[in-house]
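# Secondary and tertiary structure notes
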Amino acid sequence: MATETHCPYCSLQCGMRLAGRRVPEVQAWEEFPVNRGALCRKGWAAAGLYGSRERLTSPLVRDRESGEWSAVSWDDALDRVAAGIRAAQAAKGPDGVAVFGGGGLTNEKAYSLGKLARAALGTSQIDYNGRWCMSSAASAGIRAFGLDRGLPFPLADVEEADVLVLVGSNLAETMPPAARHLDRLRERGGRVVVIDPRRTPTADRADLVLQPVPGTDLALALGVLHLLVAAAAVDEDYLAARTTGWESVRDSVAGWWPERGERVTGIEAHELRALAAMLAGSPKVMVLTARGAEQHSTGSDTVLAWINVALALGMVGKRGAGYGCLTGQGNGQGGREHGQKADQLPGYRRIDDPAARAHVAGVWGVDPDTLPGPGRSAYELLDALGTDDGPSALLVMGSNIVVSAPNATHVTSRLEALDLLVVCDVVMSETAAIADVVLPVTQWAEETGTMTNLEGRVVLRQKAITPPSGVRSDLDVIAGLAARLSDVPFATDPEEVFAELGRASAGGPADYSSITYDRIRDEGGVFWGGERLFAETFAHVDGRARMYAVEHRGAAEVPCADYPVHLTTGRVLAQYQSGAQTRRTRALPDDGPFVELHPLLAGRLGVAAGDPVRVATRRGSMAAPARVVTTIRPDTVFVPFHWVGANRLTNDALDPASRMPEFKVCAASVASLLEEVAQRPSRDPVTHA
Ligand SMILES: Nc1nc2c(c(=O)[nH]1)N[C@H]1C(S)=C(S)[C@@H](COP(=O)(O)OP(=O)(O)OC[C@H]3O[C@@H](n4cnc5c(=O)[nH]c(N)nc54)[C@H](O)[C@@H]3O)O[C@H]1N2
Ligand SMILES: Nc1nc2c(c(=O)[nH]1)N[C@H]1C(S)=C(S)[C@@H](COP(=O)(O)OP(=O)(O)OC[C@H]3O[C@@H](n4cnc5c(=O)[nH]c(N)nc54)[C@H](O)[C@@H]3O)O[C@H]1N2
Ligand code: SF4
Ligand SMILES: [Mo]
């Protein structure tokens with residue numbers, strides 16, 4: 001008998017069947033509505049880590065002097081962690097310990113981790129890797145609509161649009177089964193616009209491809225809106241009935257004539273006019289943003305600017321149109337709703353709201369006054385570790401920080417400055433490798449839990465296989481630590497935790513109280529808040545969307561004589577995130593990192609395809625083979641971040657509203673390493689380290 005479950009990886013949360021308990025076999029689950037049986041190669045290879053020798057199966061402690069690992073019992077490991085936390089809090093107060101979660105954790109884990117921090121440890125110092133993923137779109141969605149749900153409609157609605165604008169999404173590689181919606185949209189006569197400095201496989205499905213200078217999507221949106229106003233293409237009735245702030249937005253784009261837009265974005269005025277004309281004439285326009293537009297120090301204003309375009313056209317709330325953000329991690333949506341974000345309590349409540357505190361404290365059985373206030377954002381938290389006023393102990397659950405944090409050399413040095421680093425993981429990730437205690441946990445279909453996909457659809461990832469012996473669920477780890485450090489009860493049965501999460505979220509913006517495991521099974525997933533949002537009203541008290549006049553600001557770092565090109569980073573199809581899981585999956589190709597650059601740039605540098613090159617920024621450098629492609633802007637290079645290296649380069653400039661780091665643009669230099677390599681005696685010329 002096969003069990004219906006979901007992929008371990010991205011936010012599509014494709015349904016799959018798993019057969020065979022000893023050697024799990026992934027099979028298609030055609031009835032599941034989101035992917036209809038289709039999977040990308042990561043999904044088909046999902047069972048690759050199961051039974052792998054790379055899996056951790058015993059708690060490990062590392063001797064700091066010798067660097068040697070030794071296996072210890074679970075009780076011993078949890079006692080050591082509890083003692084370390086007590087020592088850190090005795091020295092530094094409750095905020096002496098910090099918690100770092102992940103958007104890949106189930107809702108049940110995310111909820112319990114937030115509860116562990118606030119109710120059992122009493123620390124405000126909790127945040128998670130979703131800050132680096134969704135936070136700019138989340139902050140813009142809350143400001144504009146009063147609510148943040150990645151897509152406020154089912155993904156399949158994309159097919160109904162007349163024009164779909166993808167700003168900084170490479171979904172053909174990052175959520176491949178979703179690409180079929182673009183094909184169907186075009187078969188219907190609709191058109192696709194892709195905005196990306198690289199002509200990606202997604203752009204291969206587009207009718208119009210714009211390749212802006214990285215970090216200029218905000219100016220592009222202002223330029224488009226300028227042209228829509230000039231063409232009298234805005235929906236004045238909609239703006240009057242459903243929004244506030246339009247006049248100031250209209251005035252703010254008055255100076256953004258296309259020639260000015262061209263100077264800033266590198267998109268020629270006639271191309272800008274072509275885009276505006278396409279939008280002006282279409283009954284249903286849909287704008288979707290992803291990390292290319294959002295991972296900037298201007299990310300949240302960029303999203304607001306594109307939301308303004310959708311609102312000005314009267315599209316938001318209309319079926320087959322509007323604005324959405326393509327979330328990223330498996331539980332990118334739910335992971336930010338249930339309390340692992342520094343400023344949130346379960347149900348997407350604010351931790352500084354007295355009513356929210358009273359409600360959640362009631363469910364937890366604690367005094368609301370004992371709950372801490374908001375803590376630091378992910379990067380700021382990591383930056384503070386081991387400093388005089390920062391935490392000296394850290395518990396990491398579901399993130400491989402050493403690979404994925406911006407300015408990673410600096411972040412790694414902060415991790416090394418801790419008195420205690422504890423990592424819960426399934427493999428010896430680069431972050432686990434520098435920990436003091438590593439706790440081996442179950443993953444994916446070795447346990448049951450819910451995930452909220454990019455559409456706000458809560459799905460049930462059912463247990464289908466027996467976990468390796470020796471591992472425990474994250475829920476057991478959390479409960480085990482809580483029992484050692486407080487009197488607050490923690491359930492470990494996922495369904496029980498989900499019911500408690502439902503009570504804690506009841507009445508909040510993301511209210512899960514009516515969702516049960518049985519309903520999810522019966523209904524093919526359940527949308528929180530309903531299938532389609534904003535048809536009649538927005539979530540602000542007056543029911544209107546807010547439009548904000550946002551100003552173009554450049555990237556935090558622009559090219560100069562020493563660092564003359566733009567560096568951007570992102571993903572390839574066969575690898576997932578820090579690569580902790582996929583680099584260890586034999587069925588997936590691991591070709592190592594590469595530096596993608598245009599033949600014009602390569603020619604200037606004397607670099608041929610495959611030559612080793614060094615990319616350097618003000619923060620660090622890395623070496624990898626060159627990939628010479630005509631699909632990238634000649635002033636820009638691209639490096640995937642699935643391997644150690646890319647994030648030695650990236651800039652830790654943060655968006656002031658969302659605290660999102662500027663992963664997608666900084667200034668870099670590129671040089672050939674051929675001569676250097678020729679002088680070296682032997683060995684692999686390309687260093688991955
Ligand atoms: N194969 C694979 N799939 C994944 C993941 C993975 O690691 N691997 N991760 C999942 C997660 S967590 C996420 S967040 C999503 C991310 O999904 P995407 O956002 O689609 O992925 P990225 O490759 O980060 O960025 C998308 C594109 O942004 C472009 N870009 C770079 N700078 C700019 C810019 O300034 N402006 C614009 N308009 N575009 C720019 C890049 O060239 C890239 O093609 O993918 C999810 N799916
Ligand atoms: N340069 C650059 N850097 C980036 C980005 C970029 O575009 N460019 N994108 C950013 C984005 S969008 C994201 S989402 C982050 C992601 O980056 P990370 O936070 O590093 O994400 P993962 O690699 O998914 O890390 C998850 C870790 O948890 C482990 N794990 C898997 N399942 C479980 C589980 O059930 N429990 C526990 N305890 N552990 C588990 C995995 O083995 C892995 O080590 O990277 C960010 N970093
Ligand atoms: S698209 Fe995402 S959820 Fe679907 S199979 Fe691939 S990685 Fe898994
Ligand atoms: Mo992400």
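Residues numbered from 1 in each chain as written. Chains lettered and ligands numbered in written order. Predicted model: local features only at pLDDT ≥ 70, side-chain atom pairs only at ≥ 80, totals over all residues. Heavy atoms only, no water.

## Description of the site of ligand 1
The immediate surroundings of ligand 1 are formed by 32 residues, with Asp196, Asp217, Arg571, Gln575 and Gln577 found nearest. Between an oxygen atom of ligand 1 and a main-chain N or O atom of Gly215, the distance comes to 2.8 Å. One nitrogen or oxygen atom from the side chain of Thr568 is found 3.1 Å from a nitrogen atom belonging to ligand 1. Considering ligand 1 on its own, with 910 Å² of exposed area, one finds that the protein chains cover 100% of that surface. Residue assignment for the shell around ligand 1 shows that the elements contributing at least two residues are helix H5 (171-174), helix H12 (291-294) and strand S23 (565-570). Its residues assigned to classes, the shell around ligand 1 shows nine nonpolar, 15 polar and eight charged. The residue makeup of the shell around ligand 1 includes at least three contributed by each of domain 3 (139-326) and domain 4 (565-678). (Near = heavy atom within 4 Å. Polar contact = N/O pair within 3.5 Å; in protein donor to acceptor, adjacent residues only side chain to side chain. Areas by Shrake-Rupley, 256 points an atom, 1.4 Å probe, with all protein chains shown as cover. Helix = DSSP H or I, 4+ residues; strand = E, 2+ residues; numbered from the N terminus. Nonpolar A, V, L, I, M, F, W, Y, C, P; charged D, E, K, R; others polar. Domains from an automatic or database assignment.)

## Notes on helix H6 (residues 179-187)
Those residues of H6 lying buried are Ala179, Arg180, His181, Leu182 and Leu185. On its buried side, H6 packs onto strand S8 (163-167), H5 and strand S9 (191-195). Among the residues trailing H6, Gly189 stands out with phi positive, at a value near 100°. (Buried < 20%, exposed > 50% of the residue type's maximum accessible area, 1.4 Å probe, protein only. Contact = heavy atoms within 4.5 Å.)

## Brief notes about the site of ligand 3
Of all residues adjacent to ligand 3, which total 13 residues, the nearest are Cys7, Cys10, Cys14, Cys40 and Pro177. Across the shell around ligand 3, the residue classes tally to 10 nonpolar, two polar and one charged. When residues of the shell around ligand 3 are assigned to domains, at least three fall in each of domain 1 (3-49) and domain 3 (139-326).

## Describing the nonpolar core
Ranked by internal contacts, the top residues of the largest apolar core, which has 126 residues, are Leu116, Phe145, Leu228, Leu279 and Trp306. Residue contributions to this core reach at least three from each of two domains, namely domain 2 (60-133 + 331-444 + 464-494) and domain 3 (139-326). Residue contacts for Trp306: discarding those within four places in its chain leaves Val165, Val167, Ile195, Asp217, Leu220, Ala221, Val224, Val287 and Thr289. Judged by nonpolar contacts, the second largest core, of 46 residues, contains Tyr50, Ala206, Val459 and Ile465. (Core = buried A, V, L, I, M, F, W, Y, C linked by side-chain atoms within 4.5 Å.)

## Description of the pattern of salt bridges
Applying the stated criterion across every chain, the model contains 35 salt bridges. Among the salt bridges present, the one from Asp76 reaches Arg80, with a minimum N-O distance of 3.3 Å. You can see Asp76 and its partner Arg80 sitting in helix H2 (residues 74-92), four residues apart, about one turn around the helix. Residue class for Asp76 comes out partly exposed when judged on its relative accessible area of 29%. Between Asp183 and Arg205 there is a salt bridge, and its shortest N-O distance comes to 3.1 Å. With Asp183 in helix H6 and Arg205 in the loop between S9 and strand S10 (208-210), the pair connects residues that are 22 residues apart, well separated along the chain. (Salt bridge = Lys/Arg side-chain N within 4 Å of Asp/Glu carboxyl O.)

## Concerning the sheet that holds strand S2 (residues 15-19)
Read across the open sheet, the three strands follow the order S1-S2-S3; overall the sheet is antiparallel. In the strand order of this sheet, the two ends are held by strand S1 (3-6) and strand S3 (25-28), each with one partner. Direction aside, neighbouring strands of the sheet carry axes that sit 45° apart on average. Relative to S3, S2 runs antiparallel, the two sharing four bridges. By the bridge assignment for S3, Ala19 is matched with Glu25. (Pairing = 2+ DSSP bridges. Axes fitted to C-alpha atoms, helices over the stretch in contact; angles between N-to-C directions.)

## Concerning the domain arrangement of the protein chain
When the domains of the protein chain are assigned, the result is domain 1 (3-49), domain 2 (60-133 + 331-444 + 464-494), domain 3 (139-326) and domain 4 (565-678). One C-alpha centre belongs to domain 3, the other to domain 4; they are set 27 Å apart. Domain 3 puts 25 residues into the contact, and the matching count from domain 4 is 23 residues. For domain 3, the biggest contributors to the area lost against domain 4 are Arg198, Gln295 and Ser297; these three give 35% of the whole. Summed over the shared surface of domain 3 and domain 4, the result is one salt bridge. Arg198 is the partner of Glu596 in a salt bridge, and the nearest nitrogen-oxygen pair spans 3.0 Å. Summed over the shared surface of domain 3 and domain 4, the number is 10 residue pairs in polar contact (both at pLDDT 80 or more). When residues of the side of domain 3 that touches domain 4 are traced back to their parent elements, those giving at least two are H5, H12 and helix H13 (299-312). Among the residues making up the side of domain 3 that touches domain 4, the classes are represented as six nonpolar, 13 polar and six charged. (Buried area = accessible area lost by both parts, 1.4 Å probe.)

## Some words on the packing of helix H14 (residues 354-364) against helix H19 (residues 494-505)
Close contact between H14 and H19 brings their axes to 9 Å; oriented N to C, the two are set at 155°. Considering the angle they form, H14 stands roughly antiparallel to H19. Between H14 and H19 the crossing geometry is right-handed. Here His359, Val360, Val363 and Trp364 of H14 come into contact with H19, specifically with Glu500, Arg503 and Ala504. Grouping the constituent residues of the contact of H14 with H19 by class yields four nonpolar, one polar and two charged. (Parallel < 35°, antiparallel > 145°, perpendicular 65-115°, else oblique. Left-handed = near helix turned anticlockwise from the far one by under 90°.)

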